[in-house]
Amino acid sequence: MKGQGNSLKIDGIDKEILRSFMEDARIPILEIARKVGISGAAIHQRLRKIEASGLIAGSKFIIDPKILGYKTMAFVGVFLDKAVSNPKAVKQLKDIPEVIECHYTTGNWSIFIKILCKDNEHLMNVLNKDIQAIDGVSRTETFISLDQQIDRQIKI
């Protein structure tokens, strides 16, 4: 693994280690070591270097929101009355638990958010009572996701 400018160079063994953990973050290190053909200590050392480089942002369990009753996913384009309203609006969006992503974008909207709700009625309440009530929000445009057909990370 070598850093070059702003990009990080990783070798085949690093890629194999990363692919294994991306597939299953709970895979035993010794299993990866056997697969790759190096010692567990060498895997640990490589992981420390990869983590130190900032390439790995952490590990987490992924909750299936449908099991908790969140069956409606929507994307909302948020129009702000002024660009200076952005920091205040984002601060208030952080307080809405249904907002799971927030992006500052180019194009039609000032902010583009992803929200999860239990159903369409819940979505309507979040839009009307929470998001559209934020000071500086002039209007919203909502797209309901019927099905997430691709969900992946960048290929290594």
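Everything discussed here concerns the structure shown above.
Rules of the game
- Residues numbered from 1 in each chain as written.
- Predicted model: local features only at pLDDT ≥ 70, side-chain atom pairs only at ≥ 80, totals over all residues.
- Heavy atoms only, no water.
- Helix = DSSP H or I, 4+ residues; strand = E, 2+ residues; numbered from the N terminus.
- Buried < 20%, exposed > 50% of the residue type's maximum accessible area, 1.4 Å probe, protein only.
- Contact = heavy atoms within 4.5 Å.
- Areas by Shrake-Rupley, 256 points an atom, 1.4 Å probe, with all protein chains shown as cover.
- Salt bridge = Lys/Arg side-chain N within 4 Å of Asp/Glu carboxyl O.
- Arc of directions from axis to C-beta.
- Core = buried A, V, L, I, M, F, W, Y, C linked by side-chain atoms within 4.5 Å.
- Axes fitted to C-alpha atoms, helices over the stretch in contact; angles between N-to-C directions.
- Parallel < 35°, antiparallel > 145°, perpendicular 65-115°, else oblique.
- Left-handed = near helix turned anticlockwise from the far one by under 90°.
- Nonpolar A, V, L, I, M, F, W, Y, C, P; charged D, E, K, R; others polar.

A.B. asks: Would you mind showing me how to read the overall build of the protein chain here?
C.D. replies: Of regular secondary structure, the protein chain possesses five helices and six strands. Seen along its three principal axes, the alpha-carbon backbone of the protein chain occupies a region of about 55 × 40 × 25 Å. Classification of the 156 residues of the protein chain by burial places 28% in the buried group. Counting only contacts in the protein chain whose residues sit at least 6 apart along the sequence, the fraction spanning at least 24 positions is 62%. Only carbon and sulfur atoms are counted for the fraction: they give 51% of the accessible area of the protein chain, which is about 11,200 Å².

A.B. asks: Explain the pattern of salt bridges to me, please; I cannot follow it from the model alone.
C.D. replies: Pairs can form between side chains of opposite charge once their charged atoms are near each other. Following the criterion strictly, the structure yields five salt bridges and no others. The salt bridge involving E16 is made with K35; its shortest N-O contact spans 3.6 Å. Taken together, the residues span a long stretch of sequence, with E16 in helix α1 (residues 12–23) and K35 in helix α2 (residues 29–36) at a distance of 19 residues. Each of D11, D14 and R46 takes part in salt bridges that share partners, so that together they form one network.

A.B. asks: Just checking my understanding: could you explain α2 for this structure?
C.D. replies: Note on helix geometry: an α-helix contains 3.6 residues per turn, so any two residues three or four positions apart are oriented the same way. Among all positions in α2, only I29, I32 and A33 are buried. Along the axis of α2, the buried positions cluster into a sector of 105°, meaning they face one direction only. Projecting away from the buried face of α2 at angles above 90 degrees are the exposed residues L30, R34 and K35. Buried-residue contacts for α2 involve α1 and α3 (40–53). Looking one or two places after α2, you find G37, whose phi comes out positive at around 90°.

A.B. asks: Sorry, what's going on with the nonpolar core here?
C.D. replies: As a rule of thumb, nonpolar side chains are buried together in soluble globular proteins. Residues V78, L93, I96, I111, I113, I115 and I131 are the most contacted members of the largest nonpolar core, which totals 18 residues. Going through the elements one at a time, β3 (72–80), α4 (86–94), β5 (111–117) and α5 (120–131) are the ones with two or more residues in this core. Apart from the residues within four sequence positions on either side, I96 is in contact with V126, D130, I131 and I134. By size, the runner-up hydrophobic cluster in this structure holds eight residues, among which are I27, I32, I43 and L47.

A.B. asks: Which parts of the structure should I look at to understand the packing of α1 against α2?
C.D. replies: Two measures define how a pair of helices packs: the angle their axes make with one another and the distance between the axes. Interaxial distance between α1 and α2 falls to 10 Å at its minimum, and their mutual angle equals 140°. In terms of their interaxial angle, α1 and α2 are classed as oblique. Here α1 runs over α2; the crossing is right-handed. Here I13, E16, I17, S20 and F21 of α1 come into contact with α2, specifically with I29, I32, K35 and V36. Here the contact of α1 with α2 is built from residues that sort into six nonpolar, one polar and two charged.

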